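# Working through the structure, step by step
The lines below spell out each chain.
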Amino acid sequence: MNVREFRAFGHLDRAIDLQIATASKSKSRSEEVCWNKMEASVILPILKKKLAFLSGGKDRRSGLILTIPLCLEQTNMDELSVTLDYLLSIPSEKCKARGFTVIVDGRKSQWNVVKTVVLMLQNVVPAEVSLVCVVKPDEFWDKKVTHFCFWKEKDRLGFEVILVSANKLTRYIEPCQLTEDFGGSLTYDHMDWLNKRLVFEKFTKESTSLLDELALINNGSDKGNQQEKERSVDLNFLPSVDPETVLQTGHELLSELQQRRFNGSEGGVSWSPMDDELLAQPQVMKLLDSLREQYTRYQEVCRQRSKRTQLEEIQQKVLQVVNWLEGPGSEQLRAQWGIGDSIRASQALQQKHEEIESQHSEWFAVYVELNQQIAALLNAGDEEDLVELKSLQQQLSDVCYRQASQLEFRQNLLQAALEFHGVAQDLSQQLDGLLGMLCVDVAPADGASIQQTLKLLEEKLKSVDVGLQGLREKGQGLLDQISNQASWAYGKDVTIENKENVDHIQGVMEDMQLRKQRCEDMVDVRRLKMLQMVQLFKCEEDAAQAVEWLSELLDALLKTHIRLGDDAQETKVLLEKHRKFVDVAQSTYDYGRQLLQATVVLCQSLRCTSRSSGETLPRLNRVWKQFTVASEERVHRLEMAIAFHSNAEKILQDCPEEPEAINDEEQFDEIEAVGKSLLDRLTVPVVYPDGTEQYFGSPSDMASTAEHIRDRMKLVSLKRQQLRHPEMMTAES
């Protein structure tokens, strides 16, 4: 299929229809703006395929370079033709007169497609094309090229066609004018170019339409001003698009176009502006100038229109705000005077007040807005009704401030009442807790737990004192606020309502004071009882300790008090120490008896049963009896030891002055009898009243003591023999 057959499908007719439709929307500005024959947005899917593009590069004759990159897939010739028509409609006539150099990249395509594209150029742009460079693949078309020589067809085609490899393309075009696909250094971003093209066309279209609308509005406003006194003219027509948005878009587009005029402006990469961008700059500037002029006039029209309507709205809204605040708003506040008798009641009143505040807030918001509007009109200084505006502003401010003060006072009063009832409730709970402790009978396990309970009781009582003081402070503050309530009553007598509130507050404080006094009296009684219980536990503990001490003394007596002395003097010292030891035990026993007697008295006072007197007293008596028996046995042994040592020492000492005493046989017999009796007593255990037995010391200790006594007895026996036979003493001498 050749190019003429492609055109027969009517794709150019469709493109022309699109061009006509676009041009009809902006025919009123056709003299100021040079529209393209078709819009990029209409054929956007085709342009995105990059079937052809103008990279901005130029040949050595300053002609634009048109690149047609063919791909492996079959190229749609209809879409390629539409793309070429659009691209060739962009440059100016002066630029077109320099001709185009077309690069057909056939490295990834078939020869028949390349041949068809070249022939298409004859019908699409025959006059503008000066050179067609067909980039061939290496050693692929050599045989096929012989069947069709473009150079023979130059006269018929109207332009020169050359087959060239990519690496030899620089013979015809400078490397800086070639894109990177052909080994050049020219940077080209197709999507970036397409996006900016869409922005330019959209701005051109919107700005042209906006200019027509603004001109219509501005001209209609001038006519309306002339006939304003005779009849009302509707000037509420608004532009279809936002002028600010269009102006911003235009400035951004112009800034982008101007920045790209300089080489190396983006990241240091050398870049030459495309001819269409150079052409677009004066169009954008001209449209922006016209837009600014019409938009300035439009703003003035809107300002005048706004001021006229604003004044009427202000007057109406001021009356609405004042009427509502002095009417329903004031009635709502007059109906609210109570403070509630509990937290829940105060919270309900607060919620009701918040609803009232919410309704007032809506009108206060209107007041703020109206005040700002009035201030703006007063600052303008070009209104005839300045006196009326100031009067309205003053009236509005007085009413709003008075109503706001009343709302704030009511809110503060309810908040103070809520805090008062909160403190009263906390204090009531504290008193209930304290009373609960006082109503429960005290049955602690020991003195430490009683001390802990007593400490907790004192802390709760102190907390009640602090809570009652806080309640008085909150109540007095609330009474002070209530006394000032008449200042905003609008002439209404609030004495009766205030009296009810005052009576309630004073009644709560008096009731709490009475409850606190009753609890204090009960605490005093409980404190005395608990102190007695502490004393009772202390006596019981000390009595038990006395029993332990007496038991330890008994144990020490039996285990450590076993020596009988080596002579009479030492034995007498041991006897004296033992008597003192017995005195200590006697004091311990008496102390325990006194403590147990005290527990009996305390139990009678507390009307309770002693837990320890029934057990401790028998133990104390039992241990004391055991100690008495052991002590008496110890005394008997020491006394026998004194008698034994005293008599033995008299005999063993050489006393020539009293020979008759020494020769008395009865003394020897008595010493022997006492010694034997003492030895027998050491082997006998101590028998307690309950029948149990206990020995003094260990068997080894007793054996050592007995051995010492036997040695003394031997010495006495030897002395006796010597006295009986004096010749034995002479022989020994």
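Residues numbered from 1 in each chain as written. Predicted model: local features only at pLDDT ≥ 70, side-chain atom pairs only at ≥ 80, totals over all residues. Heavy atoms only, no water.

### Some details on the overall build of the protein
The criterion, for reference: The way it works is that DSSP assigns letters per residue, a run of H or I at least four long becomes a helix, a run of E at least two long becomes a strand, and they are numbered from the N terminus. Working definition: with a 1.4 Å probe on protein chains only, accessible area under 20% of the residue-type maximum means buried, over 50% means exposed, and in between means partly exposed. Residue contacts are counted whenever heavy atoms from the two residues lie within 4.5 Å of one another. All accessible-area figures derive from a Shrake-Rupley calculation using a 1.4 Å probe, and residue coverage is judged against the displayed protein chains alone.
Looking only at helices and strands, the protein has 21 helices and 7 strands in total. Looking at the 733 residues of the protein, the share that counts as buried comes to 43%. Summarising the internal contacts of the protein: among those between residues at least 6 apart in sequence, 81% fall at separations of at least 24. Working note: accessible area of the protein is about 40,100 Å², and carbon and sulfur atoms make up 51% of it.

### Some points on the sheet that holds strand S1 (residues 53–58)
Rules: Two strands form a pair only when DSSP identifies at least two bridges running between them. Between the N-to-C directions of two axes lies an angle of 0 to 180 degrees, each axis being a line fitted to C-alpha atoms and, for a helix, fitted only over the stretch in contact.
Pairing is mixed in the open sheet, where 5 strands are placed in the order S1-S2-S3-S4-S5. Since the sheet does not close on itself, it has two edges, and those belong to S1 and strand S5 (160–164), each with one partner. Taken over all neighbouring pairs, the strand axes of this sheet differ in orientation by 25° on average, direction set aside. Where strand S2 (residues 64–69) and strand S3 (residues 100–105) come together, 6 bridges link them in parallel fashion. Bridged to Ile-65 within S3 is Thr-101. Contacting S1, S2 and S3, helix H4 (residues 77–88) crosses the sheet at an angle of about 165° to S2. Sitting on the sheet, helix H6 (residues 111–124) is in contact with S2, S3, strand S4 (129–135) and S5, with an inclination near 175° to S4.

### A short note on the packing of helix H12 (residues 343–380) against helix H13 (residues 386–439)
Think of two packed helices as two axes; the pair is described by the angle between the axes and how far apart they sit. The cut-off we apply is this: For classification purposes, an angle smaller than 35 degrees is called roughly parallel, one larger than 145 roughly antiparallel, one from 65 to 115 roughly perpendicular, and anything else oblique. Crossing handedness follows the turn of the near helix against the far one: under a right angle anticlockwise gives a left-handed crossing, and clockwise gives a right-handed one. Only Asp, Glu, Lys and Arg are considered charged in this grouping, and only Ala, Val, Leu, Ile, Met, Phe, Trp, Tyr, Cys and Pro are considered nonpolar; every other residue, Gly among them, is considered polar.
Between H12 and H13, whose axes approach to 9 Å, the crossing angle comes to 160°. What the angle tells us is that H12 and H13 run roughly antiparallel. When the axes of H12 and H13 are compared, the crossing they make is left-handed. Here the contact of H12 with H13 is composed, by residue class, of 20 nonpolar, 14 polar and 3 charged.

### Some remarks on the pattern of salt bridges
A side chain of one charge can pair with a side chain of the opposite charge if their charged atoms are brought near each other. Using the following cut-off: In what follows, salt bridge is the name for a side-chain nitrogen of Lys or Arg lying within 4 Å of a carboxyl oxygen of Asp or Glu.
Evaluation of the coordinates by the stated rule reveals 23 salt bridges. Across the salt bridge formed by Glu-79 and Lys-49, the nearest N and O atoms sit 2.9 Å from each other. Of this pair, Glu-79 sits in helix H4 while Lys-49 is found in the loop between helix H3 (44–48) and S1, placing the two residues 30 residues apart along the sequence. Overall, the relative accessible area of 17% leaves Glu-79 in the buried class. Ionic pairing is found between Asp-542 and Lys-538, a salt bridge with its closest N-O pair at 3.7 Å. Of this pair, Asp-542 and Lys-538 both sit in helix H15 (residues 495–560), 4 residues apart, which is roughly one turn of the helix. Judged by its relative accessible area of 18%, Asp-542 is buried. Put simply, Asp-465, Lys-516 and Glu-520 are held in one network by salt bridges that share partners.

### A word on the confidence of the model for the protein
Quick reminder of the rule: Each residue gets a pLDDT score, which is the predictor's confidence in that residue and runs from 0 to 100.
This prediction gives the protein a mean pLDDT of 77; 80% of its residues lie at or above 70. Long-range and interchain partners of residues 226–235, a stretch whose pLDDT sits below 50, account for 6 contacts in this model, where long-range means more than four residues apart. Here residues 262–273 is a poorly scored stretch, pLDDT under 50, and it has 17 contacts once near neighbours within four places are set aside; other chains count.

### Focus on the side chain of Thr-588
Mapped onto the elements, Thr-588 comes out in helix H16 (residues 568–606). For Thr-588, a relative accessible area of 11% puts it in the buried group. Sequence-distant contacts of Thr-588, defined by excluding residues within four places in its chain, comprise Ala-546, Trp-549, Leu-550 and Leu-553.

### Here we look at H16
For the α-helix, the turn length of 3.6 residues means that residues three or four positions removed from each other point alike. This is how the line gets drawn: Working rule for helices: expected span equals 1.5 Å times residues minus one. What qualifies as a polar contact is a pair of N or O atoms within 3.5 Å, subject to a donor-acceptor requirement within protein and to the restriction that residues adjacent in sequence count only when both atoms come from side chains.
With 39 residues, H16 should cover 57 Å at 1.5 Å per step; its first-to-last C-alpha distance of 57 Å lies within 8% of that length. At the N-terminal boundary of H16, the capping side chain belongs to Asp-567, with an oxygen 3.4 Å from the backbone nitrogen of Gln-569.

### Remarks on unusual backbone geometry
Phi is positive for Lys-50, which is not a glycine, with a value near 60°. Among the structural elements, Lys-50 can be located in the loop between H3 and S1. Accessibility expressed as a relative area gives 28% for Lys-50, which makes it partly exposed. Of note in the backbone geometry, Ser-62 takes a positive phi value of approximately 65° without being a glycine. Relative to the helices and strands, Ser-62 resides in the loop between S1 and S2. Residue Ser-62 is classed as partly exposed on the basis of its relative accessible area of 35%.

### A closer look at the packing of aromatic side chains
Our working rule: Only rings of Phe, Tyr and Trp enter the pairing, Trp through its six-membered ring, and a pair is recorded when the two centres are within 6.5 Å. The plane angle decides the type: under 30 degrees is stacked, over 60 is edge-to-face, the rest tilted.
Counted according to the given criterion, the structure contains 7 aromatic pairs. Arranged with centres 4.8 Å apart and planes meeting at 10°, the rings of Phe-53 and Tyr-188 form a pair that is stacked. With Phe-53 in strand S1 and Tyr-188 in the loop between S5 and helix H9 (190–226), this pair connects stretches of sequence that are 135 residues apart. Here Phe-53 matches Tyr-188 in class, with each residue buried. Between Tyr-295 and Tyr-298, the ring centres sit 6.2 Å apart and the planes meet at 25°, which makes this aromatic pair stacked.

### Some details on the side chain of Gln-294
Assignment of secondary structure puts Gln-294 in helix H11 (residues 275–334). Each residue touching Gln-294, except ones within four places of it in the same chain, is listed here: Leu-211, Leu-214, Ala-215 and Asn-218.

### What to know about the environment of Gln-74
Mapped onto the elements, Gln-74 comes out in the loop between S2 and H4. Judged by its relative accessible area of 63%, Gln-74 is exposed. Between the C-alpha atoms of Gln-74 and Gln-110, which are 36 residues apart in sequence, the distance is 9.0 Å.

### Quick look at the packing of helix H19 (residues 665–682) against helix H20 (residues 699–724)
Relative orientation of the contacting elements H19 and H20 amounts to 165°, with a least axis distance of 10 Å. Here H20 runs roughly antiparallel to H19, going by the angle between their axes. Seen along the crossing, H19 lies across H20 with a hand that is left-handed. Here Glu-665, Phe-668, Asp-669, Ile-671, Glu-672, Gly-675, Lys-676, Leu-678, Leu-679 and Leu-682 of H19 come into contact with H20, specifically with Met-702, Thr-705, Ala-706, Ile-709, Arg-710, Met-713, Val-716, Lys-719, Arg-720, Leu-723 and Arg-724. The class makeup of the residues in the contact of H19 with H20 is 11 nonpolar, 2 polar and 8 charged.

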